[in-house]
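Listed below are the residues making up each chain.
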Amino acid sequence: MKTARLASAFLVTMMLGVSSISFGQVKIGSNPTTISPNANLEVEASTSGRKMMVDKTTGQVTIQDGTEGQGKIFTSDAVGGGSWQSVSLTAFAASQGGRENFPQSPNAGQLGTITFPGETTDPTNSFTPSTGTFITPAAGHYVLFGSTQFDNSALPGVPNLDRTCLHLYVNNTSVTQGCSFPSAVFSSTSISNLVRLNAGDTVTLRAGAGVSSGATFAVAVSTFYAYKISN
């Protein structure tokens, strides 16, 4: 009799242990009786390999819906549908230390696009130094920056700069500018703006100047960059 009671107590203890383990895991969806041994919660879709899981040790959430991938972020669409989306650095930077000459014009009304010998940053290969053109790879809000030094010190006659202007252009339209009336050989200008750009938009840095004599003006030590800060 005593042996039977001990056996019954042992059986009850085992049943409670199994019950505790089973209640520690919840599986919803296809194959509801099969759950990863590392999961506390697993929701599986009818499509094979699509599931959401909570790790019972770390608490990490895993979402596999077919869009997942290394380095992606989980975001939603306009109606709240979630998916994994790729994130890539959208930025470029270029600088030039030499001079570039352009035709001068009264009141700096004629502008020339500043070009560059190369680029220091361009992970998406979106900037063409030889044309000075940045083509937006993805829509979003971008910080645009440009600077240059108007430098006529090496031109014949060393003409003074009467008026200088620097512009940031998007799709052949000026979005910001900075102008001055230096009446000197040198003049430095920098401009920046936060602009909403669409994929495929073109951005250029353009300079114009009127001079006291001669047909040209020169820029030197120019810098041009952009980077995306949000969608």
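Conventions used here
The residue numbers shown here count from 1 along each chain, following its written sequence. A pLDDT threshold of at least 70 governs which residues receive local features in this predicted model, and a stricter bar of 80 or more applies before side-chain atom pairs are shown or counted, although totals over entire chains, interfaces and linings include all residues. In computing side-chain values, all of the structure's heavy atoms are included and hydrogens and water are not. Stacked, tilted and edge-to-face are the three classes assigned to paired rings of Phe, Tyr and Trp, where Trp is represented by its six-membered ring and a pair needs centres within 6.5 Å; plane angles under 30 degrees give stacked, over 60 edge-to-face, the rest tilted. The numbering of helices and of strands both runs from the N terminus, where a helix is a DSSP run of H or I of at least 4 residues and a strand a run of E of at least 2. Each residue gets one of three labels from its accessible area relative to the maximum for its type: buried under 20%, exposed over 50%, partly exposed in between, using a 1.4 Å probe on protein chains only. Counting as a charge over the ring demands two things of the Lys NZ or Arg CZ atom: a distance within 6 Å of the ring centre and an angle within 35 degrees of the ring normal. Salt bridges are defined as contacts in which a side-chain nitrogen from Lys or Arg sits within 4 Å of a carboxyl oxygen from Asp or Glu. What is meant by a nonpolar core is a set of buried Ala, Val, Leu, Ile, Met, Phe, Trp, Tyr and Cys residues, joined one to another through side-chain atoms within 4.5 Å. We call two strands paired when DSSP finds no fewer than two bridges between them. Every angle, taken between N-to-C directions, lies between 0 and 180 degrees, and every axis is a line fitted to C-alpha atoms, over only the stretch in contact when it is a helix. We call two residues contacting when some pair of their heavy atoms lies within 4.5 Å.

J.: Would you mind going over the packing of aromatic side chains with me for this structure?
T.: What characterises a pair of aromatic rings is the spacing of the ring centres plus the angle enclosed by the ring planes. The full count for this structure, using the stated rule, is eleven aromatic pairs. Ring plane angle 25 degrees and centroid distance 4.7 Å describe the contact between F92 and F134, whose orientation is recorded as stacked. Within this pair, whereas F92 is found in strand β7 (residues 91-103), its partner F134 is found in strand β10 (residues 133-135), the two being separated by 42 residues in sequence. A residue is classified by how much of its surface remains accessible, and F92, at 2% relative accessible area, is buried. Between the aromatic rings of F145 and Y225, the centroid separation amounts to 4.8 Å while the plane-to-plane angle is 25 degrees, which identifies the pairing as stacked. Of this pair, F145 sits in strand β11 (residues 140-151) while Y225 sits in strand β16 (residues 216-230), placing them 80 residues apart in sequence. For Y225, a relative accessible area of 28% corresponds to the partly exposed category. The ring of Y169 has R206 lying over it, and the distance from NZ or CZ to the ring centre is 4.0 Å.

J.: Whenever I open this one, the pattern of salt bridges confuses me. Can you help?
T.: When charged atoms on two side chains of opposite charge get close, those side chains can pair. Using the criterion set out here, one finds one salt bridge in the structure. Put simply, R99 and D151 hold a salt bridge, and the shortest N to O gap is 2.5 Å. In this pair, R99 is assigned in strand β7 and D151 in strand β11, connecting sequence segments 52 residues apart. The exposure class assigned to D151 is buried, which follows from its relative accessible area of 4%.

J.: Got a minute to help me understand the nonpolar core in this structure?
T.: If you look at the biggest cluster of nonpolar residues, it comprises 26 residues, and the most contacted ones within it are I114, L144, L205, F217 and F224. Residue assignment for this core shows that the elements contributing at least two residues are β7, β11, β12 (161-170), β14 (186-197), β15 (202-211) and β16. It is β15 that contributes the most residues to this core, five residues altogether.

J.: Explain unusual backbone geometry here, please?
T.: One can expect most non-glycine residues to show negative phi and most peptide bonds to be in trans. Notably, A108 is not glycine yet its phi reads approximately 55 degrees, a positive angle. Locating A108 in the fold gives a position in the loop between β7 and β8 (112-113). According to the relative accessible area criterion, A108 is buried, its value standing at 5%. Although it is not a glycine, N171 adopts a positive phi angle of roughly 50 degrees. Here N171 is to be found in the loop between β12 and β13 (173-180). The partly exposed category is assigned to N171, whose relative accessible area is 37%.

J.: How should I be thinking about the sheet that holds β7 in this particular structure?
T.: Across a sheet, paired strands are connected by hydrogen bonds in the backbone, their directions being either parallel or antiparallel. Read from one edge of the open sheet, four strands run β7-β16-β11-β14, paired in antiparallel fashion. With partners counted over all chains shown, the strands left at the sheet margins are β7 and β14, one partner each. The average angle at which neighbouring strand axes cross in this sheet is 15 degrees, direction not considered. Where β7 lies against β16, eleven bridges are found, and the strand directions are antiparallel. Looking across to β16, one finds that F92 is bridged to A226.

J.: How do you make sense of the side chain of T136 when you look at a structure like this?
T.: One can find T136 in the loop between β10 and β11. Beyond its immediate chain neighbours, meaning those up to four positions away, T136 contacts Y142, L197, N198, A199, G200, D201 and V203.

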